[in-house]
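# Structural overview for review
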Amino acid sequence: MNNSHIPGLKPGAIRFFYPGLKTRAIRFPATGLQPWAPKAKKSPCPGFQPRDTGKLLGIFLFVFLMFPVFGQNHVFVETESFEDKGGWVIDQQSFVVMNSSYLMAHGMGRPVKDATTTVKFPKIGKYHLWVRTKDWAPFPKGPGKFNVLLDGKPVGQTFGESGSDAWKWYDGGVIDIKNSDAKLALKDLTGFNGRCDALLFTDDLKFTPPNDLEALTAFRRKLLNLTEKPQDAGRYDLVVVGGGVAGTCAAISAARMGLTVALIQDRPVLGGNNSSEVRVHLMGDVDKNHYPKLGRIVREMDNGDPGNGNPDAKEYGDARKISIVKAEKNISLFLNTHVFKVEKENDIITAVVGRDIATNQERRFSGSFFSDCTGDGTVGFLAGAEFKMGRESKAETGESLAAEKADDFTLGTSNLWASADRDTVSSFPETPWAMQFSDEYHIDEPKSDWQWETGFGNFNTITEAEKIRDHNLRAIYGNWSYLKKNKPAKYGKKELAWVAYIGGKRESRRIIGDYVLNQMDIQEGKFYPDGSVTATWTIDLHFPDAKNSQYFEGQEFFAGTKHIKVAPYTIPYRCLYSKNIQNLFMAGRNISTTHVAFGSTRVMRTCGMMGEVVGFASYLATKYKTSPRGVYKDHLPELTGILKGETLAPQP
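All values derive from a computational prediction rather than experimental measurement.

Here we come to the packing of helix α4 (residues 245-256) against helix α14 (residues 604-623). One can describe the packing of α4 onto α14 by two numbers: an axis separation of 7 Å at closest approach and a directional angle of 30°. The orientation of α4 relative to α14 falls into the category roughly parallel. The handedness of the crossing between α4 and α14 comes out as right-handed. Touching Val 245, Ala 246, Cys 249, Ala 250, Ser 253 and Ala 254 of α4 are Met 604, Cys 607, Gly 608, Gly 611, Glu 612, Val 614, Gly 615, Phe 616 and Ser 618, all from α14. Its residues assigned to classes, the contact of α4 with α14 shows nine nonpolar, five polar and one charged.

This part is about the pattern of salt bridges. According to the stated counting rule, one finds 41 salt bridges in the structure shown. A salt bridge links Asp 91 to Arg 469; its shortest N-O distance comes to 2.7 Å. With Asp 91 in strand β4 (residues 89-91) and Arg 469 in helix α9 (residues 465-486), this pair connects stretches of sequence that are 378 residues apart. Judged by its relative accessible area of 2%, Asp 91 falls in the buried class. The exposure class assigned to Arg 469 is buried, which follows from its relative accessible area of 1%. Its salt-bridge partner being Arg 422, residue Glu 495 comes within 2.8 Å of it at the nearest N-O pair. Pair noted here: Glu 495 is in strand β22 (residues 494-499) and Arg 422 is in the loop between β21 (417-421) and α9, with a separation of 73 residues, a long-range link. Judged by its relative accessible area of 22%, Glu 495 is partly exposed. Several salt bridges converge on common partners, so that one network encompasses Asp 91, Lys 134, Arg 195, Glu 466, Arg 469 and Asp 470.

Grouped together as the largest cluster of nonpolar side chains are 86 residues, with contacts concentrated most on Val 239, Val 261, Ile 349, Val 352, Phe 365, Ile 571 and Tyr 573. A per-element tally of this core places α14 first, with 10 residues. Among residues more than four places away in sequence, those in contact with Val 261 are Tyr 236, Leu 238, Val 240, Ala 251, Ala 254, Ala 255, Asn 330, Ile 331 and Ser 332. Residues Phe 121, Leu 150, Ile 175 and Ile 177 belong to the second largest nonpolar core, which totals 30 residues.

Buried residues of helix α6 (residues 318-326): Asp 318, Lys 321, Ile 322, Ile 324 and Val 325, and no others. With its buried residues spanning 155° around the axis, α6 presents them on a single face. Across from the buried face of α6, at angles greater than 90 degrees, the exposed residues are Ala 319 and Lys 326. In this structure, the buried residues of α6 make contact with α4, β14 (261-264), α5 (296-301) and β15 (331-334).

Attention now moves to the packing of α14 against helix α16 (residues 636-644). Viewed as axis vectors pointing N to C, α14 and α16 meet at an angle of 140°, and their least axial separation amounts to 10 Å. In terms of orientation, α14 lies oblique with respect to α16. As for how α14 packs across α16, the hand of that crossing is right-handed. Residue-level contacts link Val 613, Phe 616, Ala 617, Tyr 619, Leu 620 and Lys 623 of α14 to Glu 638, Leu 639, Ile 642 and Leu 643 of α16. Each residue belonging to the contact of α14 with α16 can be placed in one class, and the counts come to eight nonpolar, no polar and two charged.

The next point concerns the pairing of strand β9 (residues 153-159). For a regular strand, side chains alternate in direction, first toward one face of the sheet and then toward the other. Pairing geometry for strand β8 (residues 146-150) and β9, over four bridges, is antiparallel. Paired with Leu 150 across the two strands is Lys 153, which belongs to β9. Linking two consecutive strands that pair antiparallel, namely β8 and β9, is a turn of two residues; a positive phi of about 50° is found at Asp 151 within it.

Here we come to the confidence of the model for the protein chain. When the pLDDT values of the protein chain are averaged, the result is 90; 88% of them are 70 or greater. A low-confidence stretch, residues 1-70 (pLDDT under 50), is modelled with 82 contacts involving residues beyond four sequence positions or located in other chains.

The omega angle of the peptide bond from Phe 139 to Pro 140 is -5°, so this bond is cis rather than trans. Structurally, the position occupied by Pro 140 is in the loop between β7 (125-133) and β8. Phi is positive for Asp 151, close to 50°, though the residue is something other than glycine. Take Asp 151: it is sitting in the loop between β8 and β9.

Criteria and thresholds
- Residues numbered from 1 in each chain as written.
- Predicted model: local features only at pLDDT ≥ 70, side-chain atom pairs only at ≥ 80, totals over all residues.
- Heavy atoms only, no water.
- Axes fitted to C-alpha atoms, helices over the stretch in contact; angles between N-to-C directions.
- Helix = DSSP H or I, 4+ residues; strand = E, 2+ residues; numbered from the N terminus.
- Parallel < 35°, antiparallel > 145°, perpendicular 65-115°, else oblique.
- Left-handed = near helix turned anticlockwise from the far one by under 90°.
- Contact = heavy atoms within 4.5 Å.
- Nonpolar A, V, L, I, M, F, W, Y, C, P; charged D, E, K, R; others polar.
- Salt bridge = Lys/Arg side-chain N within 4 Å of Asp/Glu carboxyl O.
- Buried < 20%, exposed > 50% of the residue type's maximum accessible area, 1.4 Å probe, protein only.
- Core = buried A, V, L, I, M, F, W, Y, C linked by side-chain atoms within 4.5 Å.
- Arc of directions from axis to C-beta.
- Pairing = 2+ DSSP bridges.
- pLDDT = per-residue confidence, 0-100.

So, in structure tokens, the structure goes:
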């Protein structure tokens, strides 16, 4: 039985074919049997020896016992791939813990338009429906209710109100499929963030889909036909992962120096926290720089100062940012692409792999240099770069503002919101599942500012991003419901105009470079020989607001701060590349600093200038075929000259 002609078949596997049975590859343990051993001269059946006949028949019997004669038909539907999302939105913020995106009905209390798609069934008949979802606010039951419609009719139960906040498969019952092409829809019932990851229709009525993450990921990949070899997206001089202000500036800077650049962003817009999805204004000065060339690209990206949480999305200039990038002939822009895998040889990254958050298509980006501008330090983490997360102790850093003991405390994540005036009085639903407010404690504001913040070490800003966002939503909706009901004179004619469903993160991983910037460097205004970006923002470390802690201890969602003035200081170039991954740059809030110093470096105009420096340094690294560290050791005068706007003779 020579199987060499069967595509994709690996040694140690036999693929069997029966009428009505799906093609299967079965892998065997090491039994000594070699079904495609060299031909025996007198063998009646080429490919195995007569003495092996009994063993081979035993294996055929094993196959029949393990699998039914008629194969399963699984119809697997990823909701993020629906043809028409309607009013539902794609959320990929928990990809790192789910290995998938999902759809969410973000209607701010008003049901959103149905998400619809067409599903093709291999045959008509009975199918068991499974729906993967959760109850995001089980206190005791949440509001994220939705129905699944098939050809316009509800099937199964109402989903999203189970009382469990764990993602899992829910039994939708057995349904009779009468048309091979059926219209599938998700019908939101409340507008309060119901969510659905995937749906499975199976004609094996006793089959239960896996819920264990590893098994589910393998199951998902198989049914989506995701191969181990992703599509080749090309090779670049610099691959920038993260399209916030830092990453976008890095890409533009490098491209204008003549490098080929891939800019990869996991959302449909650029700007990160300064985009219309998050709506944080740009802070930090660019006009106090030691180097006049720095900050020019940041100014191009700057759309003015609309403040935090402006209800007008256009004020944040999404289209403008994208048009600037698309005008650069050397930049290939990849939006909606989440990087989840790194390939490397020893301590050198060779490629990253990203998945489209809507289509699930995977692409491989190879390059000479990589810049981690993700904020979370995702590329560095996947590559094994040294990093810190949380606070260092005074004993470790010698900083007066450091914690007495090292801990997991981080600055939090904000979901901003705003209301708008209307001509008529409106109501808002009761929110028994939300955080509860009273005359004694509520927040009497028509819109948010930076203080609406959750994190503070009681949630992990990376692995619990969904919990943080949902906690913020429970605070926003609960407070707004209280204001509408109890302060009608002030809020009767106001309604929620915008609530962010993408969290604006402040702090997570900080990748360690050849130098770690600290409090003393900042307060003393030190200028190192490799000083690059001039920073001016205060040391701005947030902590739970005292009154908020009094009423919501351990569940704080409101922050306070104490601004500590600093002298203008320069961030050493050595903070912008990894200590132990040879070809990895960083720009943004994940650069090499202590927690205290990070309180000053994290603002976006400053982060944008870091990106500009990375672009210049990657040009020199490419030019001299060296590493980011090699630029510091051997070509620092030329880098400094570029920052000054000088034209220097090339070095040998």
